[in-house]
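# Overview (structure and organization)
What follows is each chain in one-letter form.
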Amino acid sequence: MAYWNLSGDQLVSSLATTPNGILQADAENRIKQYGPNVLKAQGKTTTVGLLLSQFKSPLVLILIFASIVSAFVGEWTDAAIVLAVVIGSTMLGFVQEYRASTAVNKLRSQVTIKSSVLRGGKPQLIPSEQVVPGDVVLLSAGSLIPADGVVLESNDFFVNQAVLTGETFPVEKTPGIVPVKASLAERTNSIFMGTSVRSGMARVLIVQTGKSTVFGQIAERLSLRPAQTEFERGVKNFGYLLTQVMLVMVVIVLAINIFLAKPPIDSLLFALALAVGLAPELLPAIISITLAHGAQQMAKRGVIVRRLNSIENFGSMDVLCTDKTGTLTEGIVRLDGALDPAGQPSVAVLHAAYLNAQYQTGINNPLDEAVKAYAQQAGIKPASEQKIDEVPYDFVRKCLSVVTAKGQGEHTLITKGALENILKICNQIQVVDESHPLDGKTLAGIEQRYSDWSKKGFRVLGVAIRKFNRQAASYSSADERDMTFIGFLLFFDPPKSDVEKAIIDLAQRGVQLKIITGDNDKVAWHVAQAVHLPVMGLLTGSQLNDMPDEALWHAAERTNIFAEVDPNQKERIILALRKTGHVVGYMGDGINDAPALHAADVGISVDTAVDVAKDAADFVLLKQDLDILREGIDVGRVTFANTLKYILTTISANFGNMFSMAGVSLLLPFLPLLAPQILLNNFLSDIPATTIASDNVDAEWVAKPRRWNTKFIRDYMILFGLVSSIFDFLTFGILLFLFRATPEEFRTGWFIESLLTELMIALVVRTRGLFFRSRPGNLLLVSTLIVVGITLVLPYLPFNFLFGFIPLPAPLILAVLGLTALYMAVTEITKRFFYSRVKNATA
């Protein structure tokens, strides 16, 4: 249906609705008919889907295939054991990921995008996913448009639809009919899901929802993924590296073992088991678990995570850009005075400002609330003035106007906004009911007062009026001219008492704070001084306009106050900082913050922010506070650290063990470990790894930003893998030449030694300091001790024959324990050597 070619009345009739919306009961029937207003790509992962996803790994599928081959040739015991261990490993991952997924979904539900709809003629705020065709939605500046529809009524209604059409500037939407063949950009009467309201207000009729929308149809054809974080790219490349090594090793080991006339099925299972032992098959689950645990910890501190993969970026952040309001200041703006052009208190100015604030219906903002509260305390009332029209606020004019009248009398246009912009539309000045031309001398006096007040930290707005003899039905921004300046509004937002400590805490963690504000440079400078933020440099919006991108790259690093900036300039600043190698966070809650939130590595908003800002953010703070932000950064770094611990354990133990096992298999007349033994080793070592998300983290891990360092990982793998292999071959020598071990004794002794070393090495590499001075988390410590106990008793259990184990003599057990202790000591020494020579180490 080409709904854009139909009139509003025709659409209201065809959708069986009214200009005042539908009834709640009708809405419930329609959501059953049309489904929820969501895209297919946003569907929730089901329990069954999550379980099946555990079997998508090529390694798991290869092992299942190998067990089927074993069963086919009559090796039923081997097939059953391999299959049992595979199922155990996948269930371990499933249980942990299910718990993590459930916790994250619960947290995300705390921050939902809502829409204002008319149900039974009354405005209601509902989750946007419950919007249905036939709903009438009320939109204003900052609203995220929930679905496709047409405009029924509008007032200076401008929409940013660049996400669909690529248009640089917001476009005006008005009621009407456009041709059937009109393109998206030409449908000036239509609104689309995923776009946002830049300014003005409108009442719109929803026609299409969910997958039927233009945005939904695009999503059906093209599944877009968010840009990968630096950590994701690093982990992905690390996985590719190990996978390549694994494939080469498997092919070589299998070929040589078959060439040496060893049993082909055993050789195949051995080679595949080596692949599983080497590959970081638990890494995706570990990342999911640590991220979910991090999200839960952040939620306890008042930070809701909207995009899990951004948590590590949060920890890596070294520059935080923020507006001052509510972050450095209390965020509780109060009106300090309404003054005439001479700087004297004026009831007339307060009355005009009150009417402007009371009758505007656009963006709810603290300045208007402050005006209304101050006026009510002063006993100001609307009297007999009635609202005729309004011209909503936008970021170009930087002002808003309302038109009032007393009965059938003349109309008065009252405009309130940024002083500079107000003065540009004025040619008269009024002092005590007398009007004078706004000449250069008078203008200089006004600007001097503005400068003096700004230096004291006041935010200054101007108020102007214009009277009309005509009685027009509507007004526009074109009428904001030839106005009379009547006075000033002085607002004050005091600095937070504890913000200085928060700034110091951030600096100690290697995070530089930069203020990006629309306020003038004098106010920004005053706030910085009040909170003892050293001013390195200051740039204004006009200076940024004259600065090419290359110059901004250098200037942005040396500047920590950016004043009088517009939304596009905020985005330029963020991109300039990222270009110079910083991980940049941006904190904002307004419409004009959305571009910067999208551009930043870490987008941060607050629960009270406009929809478009919350939708662009990676994190939503339940309270706008730098101290909460600092705690969130700590959690991000803890999450990064615990994920990295698993990687370091994998490359220092698994890599060495599997490489050594592959090498010795070529020299021995028997396989050093059977496939079920390798898989059991891998399964048991995975159990403590799943608890690493709750591990304690040393203070030095959170002392500064940490970033993925491929060179560090590579050097670590080579050095610690070499140490591991040396001890592996030492173990082989002791088992073969000192104890003259039989194949069964060799496998049992080697199984115990390799598993114990992997368990113990996790406790050593988890800290840069001496391992016994850093207490592990309770879950990690207890699970490690339990698995150690299981490892030592396995050879003596009645069913030991199933895995090919036999009881070992006490001297051999003591030798294995001694080798494990010596390995821990040498690894500790190696670790101190490594960190003493690696500068700017990731770990």
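The notes below deal with the structure included here. Residue positions within a chain follow its written sequence, with the count starting from 1. The predicted origin of the model limits local features to residues at a pLDDT of at least 70 and limits the giving and counting of side-chain atom pairs to 80 or more, whereas totals for whole chains, interfaces and linings rest on all residues. Only hydrogens and water are removed before side-chain values are computed, so all heavy atoms of the structure are retained for them.

## Topic: the overall build of the protein chain
How we decide: Starting at the N terminus, helices and strands are each numbered in turn, a helix being any DSSP run of H or I of at least four residues and a strand any DSSP run of E of at least two. Burial status follows relative accessibility: with a 1.4 Å probe on protein chains alone, a residue under 20% of its type maximum counts as buried, one over 50% as exposed, and anything between as partly exposed. Whether two residues touch is decided by their heavy atoms; if any such pair falls within 4.5 Å, the residues are in contact. Using the Shrake-Rupley algorithm and a 1.4 Å probe, accessible areas are obtained, with residue cover drawn only from the displayed protein chains.
Counting its regular elements, the protein chain contains 28 helices and 23 strands. In the protein chain, which comprises 843 residues, the proportion classed as buried is 54%. In the protein chain, once contacts between residues fewer than 6 apart in sequence are set aside, the share between residues at least 24 apart is 74%. Entry remark: accessible area of the protein chain is about 36100 Å², with carbon and sulfur atoms responsible for 59%.

## A few points about the nonpolar core
What counts here: Only buried Ala, Val, Leu, Ile, Met, Phe, Trp, Tyr and Cys residues count toward a nonpolar core, and they belong to the same one when joined by side-chain atoms within 4.5 Å.
Ranked by internal contacts, the top residues of the largest apolar core, which has 125 residues, are Phe314 and Leu626. For this core, the element with the most residues is helix α23 (residues 626-665), which contributes 16 residues. Leu626 has contacts with Leu320, Thr327, Leu328, Val499, Ala502, Ile503, Leu506 and Leu513, leaving out every residue within four places of it along the chain.

## Some points on the sheet that holds strand β18 (residues 512-516)
To keep things clear, this is the line we draw: At least two bridges found by DSSP between two strands is the condition for calling them paired. Only the stretch in contact is used when a helix axis is fitted, and all axes are lines through C-alpha atoms; the angle between N-to-C directions ranges over 0 to 180 degrees.
Taking strand neighbours across the sheet as the criterion, the eight strands line up as β8-β23-β22-β21-β9-β18-β20-β19 in an open arrangement whose pairing is mixed. One side of each edge strand has no neighbouring strand; the edge strands of this open sheet are β8 (303-305) and β19 (538-540). Looking at each pair of strands side by side, their axes are set apart by 20 degrees on average, direction ignored.

## Thoughts on unusual backbone geometry
Despite not being glycine, Ala16 has its phi angle at roughly 55 degrees, a positive value. One non-glycine residue, Asp482, lies in the positive phi region at around 50 degrees. Residue position: Asp482 is located in the loop between β16 (459-468) and β17 (483-492). Taking relative accessible area as the criterion, Asp482 reaches 43% and is therefore assigned partly exposed.

## Describing the pattern of salt bridges
Note the threshold: The term salt bridge refers to a side-chain nitrogen of Lys or Arg lying within 4 Å of a carboxyl oxygen of Asp or Glu.
Using the criterion set out here, one finds 23 salt bridges in the structure. Measuring nitrogen to oxygen at the nearest pair gives 3.9 Å for the salt bridge that ties Lys424 to Glu420. Here the residue Lys424 and the residue Glu420 both occupy positions in helix α14 (residues 419-424), the gap between them amounting to four residues, near one helical turn. Between Lys522 and Asp521 there is a salt bridge, with the nearest N and O atoms lying 3.9 Å from each other. Shared partners join several salt bridges into a network, and the residues in it are Arg509, Asp627, Arg630 and Asp634.

## Brief notes about the packing of aromatic side chains
Going by this rule: Aromatic pairs are defined between Phe, Tyr and Trp rings, using the six-membered ring for Trp, whenever the two ring centres lie within 6.5 Å; interplanar angles under 30 degrees are classed as stacked, those over 60 as edge-to-face, and all others as tilted.
Inspection of the entire model under this criterion finds 21 aromatic pairs. With centroids separated by 4.1 Å and ring planes inclined at 15 degrees, the aromatic side chains of Tyr716 and Phe720 adopt a geometry described as stacked. Remark: Phe720 and Tyr716 occur in helix α25 (residues 710-738); sequence separation between them is four residues, near one turn of the helix. Both residues of the pair, Tyr716 and Phe720, belong to the buried class.

## Details of empty space enclosed by the protein
Operational definition: Computed over the protein atoms alone on a 1 Å grid, cavities are sets of points where a 1.4 Å probe fits but cannot get out and pockets are open sets with protein on both sides within 12 Å along at least five of seven lines; a residue lines them when it has an atom within 4 Å of a point. Grid points are joined across faces, edges and corners, and a volume is the space filled by probe spheres set on the points. The nonpolar class holds Ala, Val, Leu, Ile, Met, Phe, Trp, Tyr, Cys and Pro. Asp, Glu, Lys and Arg form the charged class, and all remaining residues, Gly among them, are polar.
Within the structure shown, the criterion is met by two cavities of 30 Å³ or more. Estimates place the volume of the second largest cavity at around 30 Å³. What lines the second largest cavity is simply Thr327, Lys496, Asp498, Val499, Ala502, Asp625, Leu626 and Asp627. At the level of secondary structure, the elements contributing two or more residues to the lining of the second largest cavity comprise α16 (499-508) and α23. Residue composition of the lining of the second largest cavity, grouped by class: three nonpolar, one polar and four charged.

## Things to note about the state of the cysteines
As a reminder of what qualifies: In plain terms, two cysteine sulfur atoms within 2.5 Å form what is called a disulfide here.
This model, assessed by the stated rule, comprises zero disulfides. Residue Cys399 stays outside any disulfide, its sulfur separated by 9.8 Å from that of Cys426, the closest cysteine.

## Looking at the layout of surface pockets
Within this model, the second largest pocket holds a volume of roughly 350 Å³. If you go around the second largest pocket, you meet 16 residues; those closest to its centre are His351, Glu385, Thr412, Ile465 and Lys467. Elements that contribute at least two residues to the lining of the second largest pocket include exactly α12 (347-359), β12 (399-406), β13 (411-418) and β16. Among the elements that make up the lining of the second largest pocket, the one with the highest residue count is α12 (four residues). The residue makeup of the lining of the second largest pocket, split by class, is seven nonpolar, four polar and five charged.

## Topic: the packing of helix α19 (residues 549-557) against helix α20 (residues 567-579)
Selection rule: Each angle receives one of four descriptions, namely roughly parallel if under 35 degrees, roughly antiparallel if over 145, roughly perpendicular if within 65 to 115, and oblique otherwise.
It is at 8 Å that the axes of α19 and α20 come closest, and there the two elements cross at 80 degrees. On the basis of the axis angle, α19 is roughly perpendicular to α20. For the pair formed by α19 and α20, the contact residues are Asp549, Leu552, Trp553, Ala556 and Glu557 on the first element and Arg572, Ile573, Ala576, Leu577 and Lys579 on the second.

## Here we look at the side chain of Lys173
When you line up the elements, Lys173 lands in the loop between β5 (171-172) and β6 (190-191). Classification of Lys173 as buried rests on a relative accessible area of 1%. Sequence-distant contacts of Lys173, defined by excluding residues within four places in its chain, comprise Val151, Ser154, Phe157, Val159, Gln161, Arg187, Thr188, Ser190, Ile191 and Phe192.

## Some points on the packing of α12 against helix α13 (residues 366-377)
Rules: Helix crossings fall into two classes, left-handed where the near helix is turned counterclockwise from the far one by less than a right angle and right-handed where it is turned clockwise.
α13 packs onto α12 with a crossing angle of 130 degrees between their chain directions and a minimal axis gap of 9 Å. In terms of their interaxial angle, α12 and α13 are classed as oblique. Considering the relative orientation of α12 and α13, their crossing is left-handed. Judged by residue contacts, Leu350, Ala353, Tyr354, Ala357 and Gln358 of α12 engage Asp368, Val371, Lys372, Tyr374, Ala375 and Gln376 from α13.

## Some words on the environment of Phe712
Position of Phe712 among the secondary structure elements: in helix α25. For the pair formed by Phe712 and Val838, sequence separation is 126 residues and the distance between their alpha carbons is 7.9 Å.

## Digging into the side chain of Lys645
Basically, it comes down to this: In the analysis that follows, any N or O atom pair within 3.5 Å is treated as a polar contact, provided that within protein one partner can donate a hydrogen and the other can accept it, and provided that, for residues neighboring in sequence, both atoms belong to side chains.
One can find Lys645 in helix α23. In this structure the side chain of Lys645 is engaged in a polar contact, spanning 2.9 Å, whose partner is the backbone oxygen of Asn696. Among all residues touching Lys645, those that are not within four sequence positions of it are Ile692, Asp695, Asn696, Val697 and Arg766.

## Let's talk about α13
In an α-helix, one full turn covers 3.6 residues, which means residues spaced three or four apart are oriented alike. Using the following cut-off: The span one expects for a helix is its residue count, reduced by one, times 1.5 Å.
A rise of 1.5 Å per residue sets the reference length of α13, with its twelve residues, at 16 Å; its end C-alpha atoms lie 16 Å apart and thus fit the reference within 8%. Of all the positions in α13, only Leu367, Asp368, Ala370, Val371, Lys372 and Ala375 are classed as buried. Directly beyond the C-terminal end of α13, a positive phi value near 80 degrees is found at Gly379.

## Observations concerning the pairing of β18
With four of five residues buried, β18 lies mostly within the body of the structure. With four bridges connecting them, strand β9 (residues 319-322) and β18 associate as parallel partners. By the bridge assignment for β18, Val319 is matched with Gln512. Here β18 pairs with strand β20 (residues 561-563) via two bridges, running parallel. Its bridge partner being in β20, Ile515 is matched across the sheet by Ile561.

## Section: the environment of Trp4
Take Trp4: it is sitting in the segment before α1 (8-14). For Trp4, a relative accessible area of 11% puts it in the buried group. Along the sequence, Trp4 and Ile177 sit 173 residues apart, while their C-alpha atoms lie 6.1 Å from each other. Engagement of the side chain of Trp4 in a polar contact is seen with the backbone oxygen of Val180, the distance being 3.0 Å.

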